[in-house]
Amino acid sequence: MNMDLLNFGTEDTAARVTLGYDECKLLMDACSALREAQFPGLMEKLPRQFDENDLTKAVGEPAKAAALMNIFELEQSFHQALHMFPQGHDHGHNH
């Protein structure tokens with residue numbers, strides 16, 4: 001993992017992080033574990049394709065749904081990154 005700080009000390013300060021395949025996989029799995037720890041059994045309550053309204057119904061309140069959506073988005077970012085590496089990412093099923 002490499003991290004660069006950009007525009008340090010300004011209102012535009014940002015961190016740019018470069019991750020390898022194993023780091024992306026680990027962070028994706030960590031997001032999944034965090035989601036399951038905070039919202040146990042949630043995935044069984046959701047339809048295969050869901051939106052924010054489905055999340056709100058499943059967790060009971062908009063603030064929790066927003067927090068859950070943040071976890072999903074982060075998890076999905078790491079998941080998509082895995083597909084960009086030469087070794088790809090196997091979902092364990094054939095098409």
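Residues numbered from 1 in each chain as written. Predicted model: local features only at pLDDT ≥ 70, side-chain atom pairs only at ≥ 80, totals over all residues. Heavy atoms only, no water.

The subject of this paragraph is the overall build of the chain. Within the chain, the regular secondary structure consists of four helices and two strands. Scanning the chain from its N terminus toward the C terminus, one meets helices and strands in the order β-β-α-α-α-α. Over its C-alpha trace the chain gives a radius of gyration of 16 Å, far above what one expects of a compact globule, namely 12 Å for 95 residues. By principal-axis analysis of the C-alpha atoms, the chain measures approximately 40 × 40 × 20 Å. Within the chain, the proportion of its 95 residues that are buried is 22%. When the accessible surface of the chain is split by element, carbon and sulfur atoms take 53% of a total near 7100 Å². In the chain, the 7 positive side-chain charges and the 15 negative ones have mean positions that sit 7 Å from each other. (Helix = DSSP H or I, 4+ residues; strand = E, 2+ residues; numbered from the N terminus. Rg over C-alpha atoms; globule rule 2.2 N^0.38 Å. Buried < 20%, exposed > 50% of the residue type's maximum accessible area, 1.4 Å probe, protein only. Areas by Shrake-Rupley, 256 points an atom, 1.4 Å probe, with all protein chains shown as cover. Lys, Arg positive; Asp, Glu negative; His and termini not counted. Charge placed at Lys NZ, Arg CZ, Asp CG, Glu CD.)

Let's shift gears to the confidence of the model for the chain. Parts of the prediction with low pLDDT should not have their coordinates interpreted in detail. When pLDDT is averaged across the chain, the result is 90; 96% of the residues are at 70 or more. The least confident element of the chain is helix α2 (residues 42-45), whose mean pLDDT is 90; the most confident is helix α1 (residues 21-38), at 95. (pLDDT = per-residue confidence, 0-100.)

We now examine the packing of α1 against helix α4 (residues 62-84). Following both chains from N to C, one finds α1 and α4 inclined at 155 degrees, their axes separated by 8 Å at the closest point. Overall, the two elements α1 and α4 adopt an arrangement that is roughly antiparallel. Considering only the axes of α1 and α4, their crossing is left-handed. Side by side, α1 and α4 meet where Y21, C24, K25, L27, M28, C31, S32, L34, R35 and Q38 of the first sit next to L68, I71, F72, L74, E75, F78, H79, A81 and L82 of the second. Of the residues belonging to the contact of α1 with α4, the class tally is 13 nonpolar, three polar and three charged. (Axes fitted to C-alpha atoms, helices over the stretch in contact; angles between N-to-C directions. Parallel < 35°, antiparallel > 145°, perpendicular 65-115°, else oblique. Left-handed = near helix turned anticlockwise from the far one by under 90°. Contact = heavy atoms within 4.5 Å. Nonpolar A, V, L, I, M, F, W, Y, C, P; charged D, E, K, R; others polar.)

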